[in-house]
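Coordinate inspection notes
One-letter residues, chain by chain:
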Amino acid sequence: MKRLLALLATCATVLGLTAAAGPQAAAATGCKVEYSVTGQWAGGFQAGVKVTNLGTPVTGWTLGFAMPDAGQRITQGWNATWSQSGPTVSAVGVDWNRTLATGAAADLGFTGSFTGGNPRPTAFTLNGVACTGSLEEPPPAPADGTPVGVNGQLHVCGVHLCNQYDRPVQLRGMSTHGVQWFGTCYNAASLDALARDWKSDLLRIAMYVQEDGYETDPAGFTSRVNGLVDQAEARGMYALIDFHTLTPGDPNYNLDRAKTFFASVAARNAGKKNVIYEIANEPNGVSWSAIKNYAEQVIPVIRAADPDAVVIVGTRGWSSLGVSDGSDGSEVVNNPVNATNLMYAFHFYAASHKDAYRAAVSRAASQLPLFVTEFGTVSATGGGEMDRASTTSWLDLLDQLGISYANWTYSDAPESSAALRPGTCDGGDYSGSGVLTESGALLKNRISTADNFPTG
Ligand code: IDC
């Protein structure tokens, strides 16, 4: 019994129960877990887990935690659907507790076996957010007037992106750099600056699949993406979930990963209005029919979980509508993806892609719903001189056609495409006049002008 009491005390400290007991002056983010061992016997134990949602309301949740080692097994669980892989445990909310308002709690429990050591789980997370139970600054409430607040759930109407009033809208915003490299750039201060100073309508979340990305830690990258979706939502911005395939260029190489990833993020984010799915960043060295085949396998996975979200598919030749491979948008017009509520990605780098590409976009725009999910003001390497004249021509054209866009990148990468000066993300200031590069200053000027979204 002594051992049991000691264990309970340790859990209380580790899980931050004392911190959470204070007065809640303001809404908090995150979650609190109260874990207690309710019985123990040779080789087995029973535990209760009470998880309180301290963040925005959730519909559908997954509680994650880690057993001390893979020898400790959940043998039976209740009030959730339980699974375990190695030491990693997941409990998914069931019909009667899947909706958790702010401050609401779910009571779960399980019996477990253990083969030695202390059967105390650690690292509790709710939908990927660590359950530290501590009170943090409240995320700014999405007041009326935010892009998501005004436009609500988007859909494709004709060749346009339309809002809840069935009126065409143009979203203007920024893309992250690879979150595996520049994760420190995406925090409360930087996202506040993006939403409030830049008045960005969207955050594209670039999740590389290779290059130390998703394939190295699927669960970890999935929860990072989900965390950024929440951060965007809290600020009234749309979140473009970019499955950033690049090398190899055939998206079918990542087909199984794409299905797993999108099944998970679509289920988790189905209730949100701010999510758009981009299923393949830049197909290259691959035919349009192979891309189309990939899309027709991934889209149903998304629709099964999140039926009403807009999906964007990359196009041939690094999302150039085939132009960089000597083709053009007619190959898509003549053989479209068999899906509704779908848009096609077009990418450009202003110093590399000029009149011929602009002409191809102008032609395609009357026949295909286009979304410029990535572009740079510089050369296709992401570096070199900024081309102000070409960038201005491009942005004027996109404004005229009402095509939405995201600029590469909202980061402090040491390359001219980055909007923030190197070192910015080491500090806390994202708003000062000194933090922007030449490209960042141009983009902020363009993006921060009034949207005038139609509401009637
Ligand atoms: C570049 C980054 C660079 C990084 C490289 C790695 O800017 O820091 O080392 O990726 O692959 C794209 C891609 C995008 C590229 C960008 C610039 O979608 O991943 O980012 N670019 O080269 N298409 C055209 C240009």
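Residues numbered from 1 in each chain as written. Predicted model: local features only at pLDDT ≥ 70, side-chain atom pairs only at ≥ 80, totals over all residues. Heavy atoms only, no water.

With that settled, the discussion passes to the packing of aromatic side chains. For the structure on display, the rule yields 20 aromatic pairs. Seen in terms of ring centroids, Phe65 and Trp82 are 6.2 Å apart; in terms of plane orientation they differ by 70 degrees. Their pairing is edge-to-face. Pair noted here: Phe65 is in strand S4 (residues 62-66) and Trp82 is in strand S6 (residues 81-85), with a separation of 17 residues, a long-range link. Like Trp82, Phe65 is buried. For the pair Phe261 and Phe262, a centre-to-centre distance of 5.0 Å together with 75 degrees between the ring planes defines the contact as edge-to-face. The pair formed by Phe261 and Phe262 is uniform in burial state, with each residue classed as buried. Taken together, the ring pairs in this structure connect Tyr35, Phe45, Phe65, Trp82, Phe110 and Phe124 into an aromatic cluster. (Phe/Tyr/Trp six-rings, centres within 6.5 Å; stacked < 30°, edge-to-face > 60°. Helix = DSSP H or I, 4+ residues; strand = E, 2+ residues; numbered from the N terminus. Buried < 20%, exposed > 50% of the residue type's maximum accessible area, 1.4 Å probe, protein only.)

Evaluation of the coordinates by the stated rule reveals three disulfides. The residue that forms a disulfide with Cys157 is Cys162, at a sulfur-sulfur distance of 1.7 Å. Of the two residues, Cys157 and Cys162, both sit in the buried class. For the protein chain, numbering the cysteines in disulfides from first to last along the sequence yields the connectivity 1-2, 3-4, 5-6. (Disulfide = S-S within 2.5 Å.)

Right, let's get into the pairing of strand S1 (residues 31-41). Two elements, S1 and strand S2 (residues 44-53), share 10 bridges in a ladder whose sense is antiparallel. Its bridge partner being in S2, Tyr35 is matched across the sheet by Val49. Counted between consecutive antiparallel strands, the loop separating S1 from S2 contains two residues, among which Gly43 sits at a positive phi close to 80 degrees. (Pairing = 2+ DSSP bridges.)

What the five strands build is an open sheet, ordered S6-S7-S4-S10-S11; its pairing is antiparallel. Each end of this open sheet is capped by a strand with a single partner; those strands are S6 and strand S11 (129-130). The sheet contact formed by strand S10 (residues 122-126) and S11 spans two bridges and is antiparallel. Residue pairing in the sheet places Leu126 in a bridge with Val129 of S11.

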